[in-house]
Each structure stands twice: as C-alpha cells, then as structure tokens.
Amino acid sequence: MSPTHFVALAVILFVIGAVGVLVRRNALVILMCVELMLNAVNLAFVAFARLHANLDGQVIAFFVMVVAAAEVVVGLAILMAIFRARRSASVDDASLLKY
Amino acid sequence: MTSSLAAAHAASATTALAAAGVQRAAWLLLVFPLAGALILLLGGRRTNRFGHIIGAAMPMASFVFGVIVFFAMLSYPAGQRSRDVHMFTWIAVGRFHVDAGLLLDQLSISFVLLITGVGSLIHLFAVGYMASDPERRRFFGYMNLFVASMLLLVLANNYLALYVGWEGVGLASYLLIGFWQYKPEPPVAAKKAFIANRVGDFGLTVAIFLMFATFGTVSFSGVFGHPGTAGTPTLTALGLLLLLGACGKSAQVPLQSWLLDAMEGPTPVSALIHAATMVTAGVYLIVRSAPIFNLSQDARLAVTIVGAVTLLFGAIIGCAKDDIKKALAGSTMSQIGYMTLAAGLGPAGYVFAIAHLIAHGFFKAGLFLGAGSVKHEMDDEVDMRRFGGLRTAMPITFVTFGLGYLGIIGCPPFSGYFTKDPIIQAAFDKGGASGAILGAAALLGAGITAFYMTRVMFMTFFGERRWEEEAHPHEAPPIMTSPMIVLAIGSVGAGAFLILANRFVNFLTPVVGSPPPARGLINWISLSTLALVIVGVAVAWAMYGRRPVPAVAPGARFPVTAARRDLYGDAFNESVLMRPGQWLTRLSVYFDNRGVDGLVNTLAATVGGTSGRMRRVQTGFVRSYALSMFVGAVLLLGAFLLVRI
C-alpha cells in the first residue's frame, strides 16, 4: 500500500466530514462529522510519520485525540443543555446569538 | 546724551541696597488693606456691623506706616534711598528666578503716600456716602482689595509681581464699577472696562515675555541693568508694548472708551479710580520703565503722541457732557494725557508727570467727592442741567469743589498752575516741529480745560435753581465733608509745595534723571497759558454764567453732537473691533460646522454605515460560520499553493 492510498482515504474522510458539517442540521451529527475530519487528519499524520520514519506525526495524532475527546465532552454537554431547554437538537434553531 | 543718562540711571537702579530698620517691614503696607479685604469678604455678613470701620481703618494704617517708611527714607543720603525688601523666593525654575520683593525708592514711596493718603480720605467719605447701602461691607472689601493691588503694583521690584498688582487692580475695578449689579448699566460698564483693560494687559504680558526672552530676567534691576544690550528695535518694541498696557489702564486713546462708562460705579469708586489708583498705573509703568524709554526715541514719540491726542480728546468730551461725573471723567482722561505726554518727553518730563499726577490726585479726588456729595443730596441726579444755585445750599461742597476747580484749571497760585506749566514748557522745549505741535496741543488743552471746568462750576453751583420739586439739598454730614476739606487744602498747596524750590525735582532725580533747569515762573509760555485759561473761563461764563441754562440740552450741530457721543469712541470700537470680530467668529463657526465637523461627521457616518451593513453577516447560524471558515481555509490553501508554484 503506497502512501497515496492513505492520503486519498484521508481526503475522502475529510471531505465527507466537511460536507456533513456544512449540510446537516442535527448538532449530534455535526459533532460526529467534526470527529471524522479530525480522524482524517490523524490518518494523514500517522501515514506521513511512518513514511518519513519520524515520530512527530504519531505524537501529534495523540494530541489531536486528547483535544477531540475534550471537545466532545464540552460539545455534548452544551448540546444536552440546549436540547433540554428547546426540545430540539437542530443547530438552526439555536441562532439567537447574532447581530 | 540719552545713553549717559541711562547709564547713570542704570547705576542707581542696580545699586538698590538691602533695606534696613523699619523699612524691612515694608510688606506691612500691603498686608493692612489685604487683610481688610480678606476679613470683609471672607467674614461675610458677620462683619456687616463693623465692616466699614475696618475698611476705612486699613488704608489709614497703611498710610501711617507709609509715612514712617518715608521718613526713614529721608534719613538716608539721596543716592542711597533706593532700597530692596526681599520677601521670599517666588519662582525658581532652572535659570528663571523670580524673588517676591519690594522696591522702596523715591518713586514708589510717592505713589504709596498718594494711594494710601487720598485712598484713606475716599474711604472715609464712602463711610457716609454708602451709609444706606445694605452691601456697604462688601463695598469696603473691594475697595481695600483695590488699594492693596495698587500698592503691590507700585511697590513690586519686578515686572511679574507688578503684573499681579496690575491684574488685581483690573479685577477690583471690575467688581466696583459693577457694584450695583441689580441695575442694567453698571455690569455692562464693568465688562467694558475689563475687556478694554485686557487689550492693554495683552501688551504688558507680551512685553514681559519679551523682557524674559531678551534679558533672561524680569526684575527691574536685571532689565534696567544693561538695557543697551538689547538693541534698539527690541527696546522700541518693548516701549510700544508697555505703552499699549499703559493705554488700557490709563484710559488713553485708543483704549479710552471704558473710562466714561465706568462712572456707573458708586462715586467713591470713581474718585479712587481717577485720583489714587488705576489710571495712574499707566503713567507709573512708563516712568518706572524709564531706562527702556530713554533708549528708544520712537517709543517716546509714540507716548507723547498718545498723550497729546488724549489730552485734547478728553477735554473735548468734557465740554459736551451734561452728566457731572462724565464731565469730570473727560477731564481725568485729559489730565492723564498731560502726564503721558510729560512721561514721553523723557528725563525732561518724568518728574513733572509724577508731580502733576500727585497734584491731580488731590484736586480730582476733591472734585469727585464734591460731585458725589451733590449727587447724594440731589437723589442720585447727575444731570447738571437739573442742578444750579447749589452754592447757597451746600456751602462747604461749593468751596471745596471750587478750590479743586481752581487747581485743575491752573489758576495761580493753586496746584495745577505749578504742575501743568512745566509740562507745557517741557513739550515746547522738546524742540523741532514735534515739540511745537505737542506744546500747542498742551496749551490748547489748558484753555479747553478752563472752559469745561468753568461750565461744570456754573451749571452746578451758580445760576437759578433748576431742581426737581422734591429735592431738598443741604450740606452733607461731617464724615463726608471733612475728607473734602483735606483734599481741598491739598489742591491749594500741593503744587506749590512740590514744584517751588525744586523740592520734588531734587527728590526724584536719583530715580528718573534730572530735567533741564526750569525757566522762571513768568515767561511767554506761562503767560499765554494764563491768557488761554482766562479766555476759556470767559467763554464759559458768557455761555453758561450770563445766560440761563436750559433744563433740556438744546439741539446741536456736528462738533457738539460728536463730543456728546464721546467723539464716536464707541462707534469706532464697534465698527473697527466688534464687527470684524463678529465676522471672524461667524466665519470660524461656519468653518467649524461645515469644514471640521463635516469631515469628522462624514468619516463617522461612513464607518457607522459600513459596519451596520457588515453586521448582517453575523446571522447566528452555526453552519454559515462553518461555511465561511471553510471557504477561508480553502482560499488560504489556494493562496499557499499559488505562491509555492
């Protein structure tokens, strides 16, 4: 398996995630799509790290996972609060903070 | 010749010795009236009962102490009478050092005695004059402030302290002219006096700046020490700026118009302004700055021109006024014009300017107190056409006013004769065309003075009685008449005392230089002066003594109407100063509204409008934010790739 395959898979995953963030209304799905984008990047990091026999990419992947876990915790907590208040998980409904 | 005189003068000015003995306490001169002002103004209504006693006692205390200091001075030899009283270091910034100190010399002590002596008499008179005024205590507070400021002005040993006194005099005159502020005219007159004075103050301020820039100091000893180092153009500029200051304070043309309106103040104020304080300050400034004027021919010429023009200007105004106080105000303007003229003649005239100033202090204070006494008894009537025949009703006022009158017209042997004649002679002695013109103006002024003062005399005290029905004039109480009597004695004897035997000339010579030896008392100039005075009196008698005076001013043609309107002084100010000033302000307002404001407002509106439109981008939809981030990231990436390739 050449590095091209890894990069291609990472690009496909990233695009799926990005499109999901842009087109879906459900906050839960958006969070999942964000995870998908993060993991696509992780995949690219790990692949290149292995290619260059350099551990930096591997380390950064770990950092990304830690940050992602924290982000999900906070994100889901906010989501729960909004859902309890408004009985909806749609991000378009939560649009009061504007001009 | 002038330079040697200046050198001699400079030597005397720089060698002011430190004061010793009783003179070391000369600051007490200032403290008395200042304390009076503070007690009366800060004490408020609690001091109402005894305020006038304190107010009248303080200038007297100053006068008594002034006499003591004067005799201490007389005990020194003539060359060592100039004494410096150091009080404290006032300003010390880098190389700029100003000591608060007093200069006791023959010139300043003459003024101190005049200010406190005549001032005390006026204060005494005011005790009676203001007896029924509920604000008498405040009045005396301001009067004491006036005297204190004037004393600081004449005693200061540097221009900065002089300036403090100068401004204090301006403030006190403002407060006193507008004292009856419930009437419409006095506040306006007070404002006018203040503003006209500010124009003059501007000249003095710039002069002080220029002195500091040129000499690096503002003390008299520093400036007068080596005035020659400054160069003639600088000295001329200094002289002209000082002259501007003197014009404001002394009501000389072109800043004369405030003096006539200042008559709105209570009469003791008029007497104080005209006789002892305020208007004499300008003459003092010029004589004190003699070392500067001695070195600048042009500045001296300007001073003499201002003096000559003013002495005719004031005399002509005095001829047409029916208001007794305004007629006297015109005469003050004219007499100060004589002093300014004399001061402009240099060492030949300085002594006579001060001698005339002192003699004038006596007879003008006497005349004003007499006018105040008449006004007081005639229910505040000042129109001389409503007076007449008061000589029998008010004999003491008549006699004292009459002696003052004889003094001012220069009738021998009264004081004006001795002090005015040397000025006229000195003007002729200047030589050349300018001397002849100045002398002729002074000579003519003497004739006009005789005319208008005789007119005042006849309209007030002679002829038939033209009073209102309800007026019952009788003699004023003794507290008012006794100062008038003392002043009348002064207006009889002051001139002879000062001028005969060269007393005053010898006394002042160490400070201001000696005039050339006087001619005899009888020569063609004094005879022609006397002849003109007799003509003036005769004309006035023919017009106002022989014929009855109409109770309403008759219609008149050009010269009289012009004089009634102060020779268009107000019209001049209005058209030359006020209107262009208003146009300038209107132009500035327009430029500010349209230009400056327009620019700033347009900028603000543009930013505001743009941000209002930009605001709409913040929709609150998370996905649109995500999209803009995404587009931004793509653009950045594209830009990177583009640059790399």
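What counts as what
- Residues numbered from 1 in each chain as written.
- Chains lettered and ligands numbered in written order.
- Predicted model: local features only at pLDDT ≥ 70, side-chain atom pairs only at ≥ 80, totals over all residues.
- Heavy atoms only, no water.
- pLDDT = per-residue confidence, 0-100.
- Salt bridge = Lys/Arg side-chain N within 4 Å of Asp/Glu carboxyl O.
- Helix = DSSP H or I, 4+ residues; strand = E, 2+ residues; numbered from the N terminus.
- Buried < 20%, exposed > 50% of the residue type's maximum accessible area, 1.4 Å probe, protein only.
- Core = buried A, V, L, I, M, F, W, Y, C linked by side-chain atoms within 4.5 Å.
- Contact = heavy atoms within 4.5 Å.
- Axes fitted to C-alpha atoms, helices over the stretch in contact; angles between N-to-C directions.
- Parallel < 35°, antiparallel > 145°, perpendicular 65-115°, else oblique.
- Left-handed = near helix turned anticlockwise from the far one by under 90°.
- Nonpolar A, V, L, I, M, F, W, Y, C, P; charged D, E, K, R; others polar.
- Buried area = accessible area lost by both parts, 1.4 Å probe.
- Polar contact = N/O pair within 3.5 Å; in protein donor to acceptor, adjacent residues only side chain to side chain.

**Some points on the confidence of the model for chain B**
Thinking step 1. Taken residue by residue, chain B gives an average pLDDT of 88. The fraction at 70 or more is 97%.
Thinking step 2. Here the prediction assigns the complex a pTM of 0.79, and the interface score ipTM is 0.87.

**Let's talk about the pattern of salt bridges**
Thinking step 1. As enumerated under the stated definition, the model contains eleven salt bridges over all chains in all.
Thinking step 2. One salt bridge in this structure joins Asp 92 of chain A and Arg 25 of chain A, with 3.3 Å as the shortest N-O distance. Within this pair, whereas Asp 92 of chain A is found in the segment after α3 (56–86), its partner Arg 25 of chain A is found in the loop between α1 (3–23) and α2 (27–52), the two being separated by 67 residues in sequence.
Thinking step 3. Linking Asp 322 of chain B and Arg 455 of chain B is a salt bridge whose minimum nitrogen-to-oxygen distance equals 2.8 Å. Of this pair, Asp 322 of chain B sits in the loop between α14 (297–320) and α15 (324–344) while Arg 455 of chain B sits in helix α20 (residues 432–461); the two residues are 133 residues apart in sequence, bridging distant segments of the chain. With respect to burial, Asp 322 of chain B and Arg 455 of chain B carry one shared label: buried.
Thinking step 4. A network of salt bridges, in which partner residues are shared, links Arg 25 and Asp 92 of chain A together with Arg 623 of chain B.

**A word on unusual backbone geometry**
Residue and element names in this part refer to chain B.
Thinking step 1. Cis geometry is found at the peptide bond from Val 253 to Pro 254, where omega equals 10°.
Thinking step 2. A cis geometry characterises the amide bond from Pro 412 onward to Pro 413, with omega recorded as 5°.
Thinking step 3. Position of Pro 413 relative to the elements: it lies in the loop between α18 (395–409) and α19 (415–429).
Thinking step 4. A positive phi angle is found at Met 278, which is not glycine, with a value near 60°.
Thinking step 5. Secondary-structure assignment places Met 278 in the loop between α11 (267–276) and α12 (279–288).
Thinking step 6. One non-glycine residue with positive phi stands out, namely Asp 380, at about 65°.
Thinking step 7. Tracing the sequence through the fold places Asp 380 in the loop between α16 (350–377) and α17 (390–393).

**Let's talk about the nonpolar core**
Thinking step 1. The biggest cluster of nonpolar side chains holds 195 residues, and the ones touching the most others in it are Tyr 159 and Trp 258 of chain B.
Thinking step 2. With 16 residues, α16 of chain B is the largest single contributor of residues to this core.
Thinking step 3. Residues in contact with Tyr 159 of chain B, not counting those within four places in the same chain, are Ile 208, Met 211, Val 218, Phe 220, Phe 224, Leu 242, Leu 285, Ser 289 and Ile 292 of chain B.
Thinking step 4. Val 21, Ala 27, Ile 30 and Met 37 of chain A belong to the second-largest nonpolar core, a separate cluster that totals ten residues.

**Looking at the packing of α15 of chain B against α20 of chain B**
All names here are of chain B.
Thinking step 1. The N-to-C vectors of α15 and α20 enclose an angle of 160°; their axes lie 11 Å apart at closest approach. Our classification of the angle between α15 and α20 gives roughly antiparallel. For the element pair α15 and α20, the recorded crossing hand is left-handed. Of the residues in α20, those in contact with Ile 324, Ala 327, Leu 328, Ser 331, Ser 334, Gln 335, Tyr 338 and Leu 341 of α15 are Leu 438, Ala 442, Gly 445, Ala 446, Thr 449, Tyr 452, Met 453, Val 456 and Thr 460.
Thinking step 2. Taken together, the residues of the contact of α15 with α20 break down into eleven nonpolar, six polar and no charged.

**Focus on the interface of chain A and chain B**
Thinking step 1. Taken residue by residue, the interface counts 14 residues in chain A and twelve residues in chain B.
Thinking step 2. Contact between chain A and chain B buries roughly 1,100 Å² in total, counting both sides, with carbon and sulfur atoms accounting for 63%.
Thinking step 3. Ranking the residues of chain A by area buried against chain B places Leu 22, Asp 92 and Tyr 99 of chain A at the top, with a combined share of 54%.
Thinking step 4. Asp 92 of chain A is the salt-bridge partner of Arg 623 of chain B, the closest N and O atoms lying 2.7 Å from each other.
Thinking step 5. The tally of links from chain A across to chain B stands at three residue pairs in polar contact (both at pLDDT 80 or more).
Thinking step 6. Sort the elements by how many residues they give to the side of chain A that touches chain B and α1 of chain A lands first, with four residues.
Thinking step 7. Of the residues belonging to the side of chain A that touches chain B, the class tally is nine nonpolar, one polar and four charged.

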